[in-house]
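# Architecture and fold: a report
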Amino acid sequence: SIDVQDEGYWTAQLVAVGRSRDRGAFEALFRQYGPRVKAFLMRGGMPEGAAEDVMQDVMVTVWRKAHMFDPQRASVATWLFAIARNRRIDLIRRARRPEPEDLPWGPEPNPEQVDALALQEDSRRLADAVAQLPPKQRDLVERAFYGDLTHTEIADATGLPLGTIKSRIRLAITRLRSAMD
Amino acid sequence: MTVTHPIGDDLLLGYAAGRLPAAMDLMVASAVSLDDDARARLAGFEELGGALVERSRVAPLRDDSFECVMERIQSAPPEETVRWDEKAPSEGAVLPKPLRDAAGGDLDDLRWKSVGMGVRQVVLESGADGTARLLSIPAGQAMPDHGHSGTEVTLVLKGAFIDGDERFARGDIEVADDQTQHMPVADLGEDCICLVVTDAPLKFRQLLPRIAQRFLNI
Ligand SMILES: [Zn+2]
Ligand SMILES: [Zn+2]
């Protein structure tokens with residue numbers, strides 16, 4: 001049986017899609033994340049029919065861009081979330097939204113397994129912390145994220161371990177910068 | 001590089017969630033390009049977005065959803081070749097990449113329009129919910145004393161400005177709102193070039209600046 005809690009499992013599926021166009025791995029990802037991506041789109045106010053259509057679009061993009069997924073930089077859920085979010089914005093604006101200048105991560109992925117695993121672990125802890133929040137607080141975080149609340153400091157309100165994630169990413173960026181010199 | 005007045009978490013969170021106006025997206029993407037700490041904070045908020053999606057309620061899919069996706073994959077035109085970002089894209093550039101994309105080049109390629117008092121501007125993005133413009137203010141020149149009816153976010157790209165007893169240099173952000181009445185002055189030495197994003201028309205105080213307002217269109 002599949003342990004859906006295991007971030008490593010989903011990472012392996014997405015990497016398999018990127019490396020070898022593994023259809024079984026893609027279907028597993030689709031069954032797991034399709035309904036969540038659709039729910040995210042509907043949470044942002046999209047009607048069901050449009051959300052289904054855009055979700056399908058997002059999954060096509062996942063298939064096409066899977067080879068660009070880098071587990072050192074983001075968890076599977078975060079990568080998917082970013083694609084869905086950008087797709088939604090692009091549809092509203094009919095223009096690509098501006099992205100920060102890319103860091104010089106080269107075309108050769110740097111097999112820093114340890115970093116990737118550590119980031120996965122931190123992401124997992126964050127996801128667990130979100131899942132374990134009492135419903136009221138969880139709702140607060142969601143509303144802050146989706147902008148229903150203004151000026152809410154998520155970390156202060158809930159104690160979510162965003163700081164760990166931040167320092168992990170900070171470290172990766174610093175290493176990358178120094179590798180450039 | 002070290003940023004003294006970094007971009008706030010509220011803007012990073014809004015950008016991560018995808019709910020900022022287009023002009024403000026340009027501000028955040030530019031500021032993050034100049035500030036690695038902000039980049040890390042943004043990535044943290046994006047992970048939070050992933051965590052929320054991962055543990056969210058699910059929406060049932062259509063019965064033939066997966067088959068439709070596979071059909072779309074098979075019938076779609078061949079995959080575009082992957083283009084890797086130019087190496088060391090910012091080497092020597094003043095504008096970070098999101099601004100170069102919006103402006104169609106770096107400083108030398110801009111078509112400045114004079115707005116009086118030696119101040120020049122290029123409007124990059126203008127919509128009902130916000131305006132993004134580059135401003136060039138001559139060294140030593142003060143901006144007119146003004147209040148704000150909405151939010152005004154300024155990112156320094158070149159040179160520096162002084163506001164009260166604080167100095168803002170490349171990568172620094174100043175946020176002004178309807179509580180703020182201020183008169184930023186470009187620091188001596190070189191012209192100050194900033195990205196300014198506003199989400200509502202400014203209220204200028206005096207007659208002369210009110211005329212300037214019409215030209216500035218802020
Ligand atoms: Zn300050
Ligand atoms: Zn102002």
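What counts, and where the lines are drawn
- Residues numbered from 1 in each chain as written.
- Chains lettered and ligands numbered in written order.
- Predicted model: local features only at pLDDT ≥ 70, side-chain atom pairs only at ≥ 80, totals over all residues.
- Heavy atoms only, no water.
- 1 Å grid on protein atoms, 1.4 Å probe; cavity = no way out; pocket = protein on both sides within 12 Å on 5 of 7 lines; lining within 4 Å.
- Points joined across faces, edges and corners; volume = space filled by probe spheres on them.
- Helix = DSSP H or I, 4+ residues; strand = E, 2+ residues; numbered from the N terminus.
- Nonpolar A, V, L, I, M, F, W, Y, C, P; charged D, E, K, R; others polar.
- Buried < 20%, exposed > 50% of the residue type's maximum accessible area, 1.4 Å probe, protein only.
- Lys, Arg positive; Asp, Glu negative; His and termini not counted.
- Salt bridge = Lys/Arg side-chain N within 4 Å of Asp/Glu carboxyl O.
- Polar contact = N/O pair within 3.5 Å; in protein donor to acceptor, adjacent residues only side chain to side chain.
- pLDDT = per-residue confidence, 0-100.
- Contact = heavy atoms within 4.5 Å.

## Concerning empty space enclosed by the protein
Tallying each qualifying case throughout the model produces 2 cavities of 30 Å³ or more. In this structure, the largest cavity occupies an estimated 140 Å³ of space. Together, 15 residues line the largest cavity, and L135, I137, M143, T154 and P184 of chain B are the ones closest to its centre. Listing elements by their share of the lining of the largest cavity, those giving two or more residues are β3 (130-137), β5 (152-158), β9 (185-186) and β10 (192-198) of chain B. A volume near 50 Å³ is recorded for the second largest cavity. Lining the second largest cavity, in full, are E7, S75, A77, T78, S123, R124, L126 and A127 of chain A together with E47, G50, A51 and E54 of chain B. Broken down by secondary-structure element, the contributors of at least two residues to the lining of the second largest cavity are α4 (76-93) and α5 (113-132) of chain A together with α3 (36-54) of chain B. Of the residues assigned to the lining of the second largest cavity, the class counts are 4 nonpolar, 4 polar and 4 charged.

## Structural notes on unusual backbone geometry
The backbone of R21 of chain A shows a phi angle near 50 degrees, a positive value even though the residue is not glycine. A residue is classified by how much of its surface remains accessible, and R21 of chain A, at 30% relative accessible area, is partly exposed.

## Focus on the side chain of E101 of chain A
For E101 of chain A, the position within the fold is in the loop between α4 and α5. For the buried residue E101 of chain A, which engages in no salt bridge, the nearest side chain bearing the opposite charge is R100 of chain B, 4.1 Å off. One polar contact links the side chain of E101 of chain A to the main-chain amide nitrogen of K97 of chain B, over a distance of 2.6 Å.

## What about the confidence of the model for chain B?
All names here are of chain B. When the pLDDT values of chain B are averaged, the result is 86; 85% of them are 70 or greater. Here residues 207-212 scores under 50 on pLDDT; set against residues more than four positions off or in separate chains, the count is 5 contacts. A low-confidence stretch, residues 214-218 (pLDDT under 50), is modelled with 14 contacts involving residues beyond four sequence positions or located in other chains.

## Some thoughts on the interface of chain B and chain A
Across the contact, 62 residues belong to chain B and 73 residues belong to chain A. Connecting chain B to chain A are 9 salt bridges. Between D53 of chain A and R72 of chain B there is a salt bridge whose closest N-O contact spans 2.3 Å. Our count for the chain B to chain A interface comes out at 28 residue pairs in polar contact (both at pLDDT 80 or more). Secondary-structure elements contributing two or more residues to the side of chain B that touches chain A are α1 (9-17), α2 (22-33), α3, α4 (65-75) and α5 (97-103) of chain B. The element that contributes the greatest number of residues to the side of chain B that touches chain A is α3 of chain B, accounting for 18 residues.

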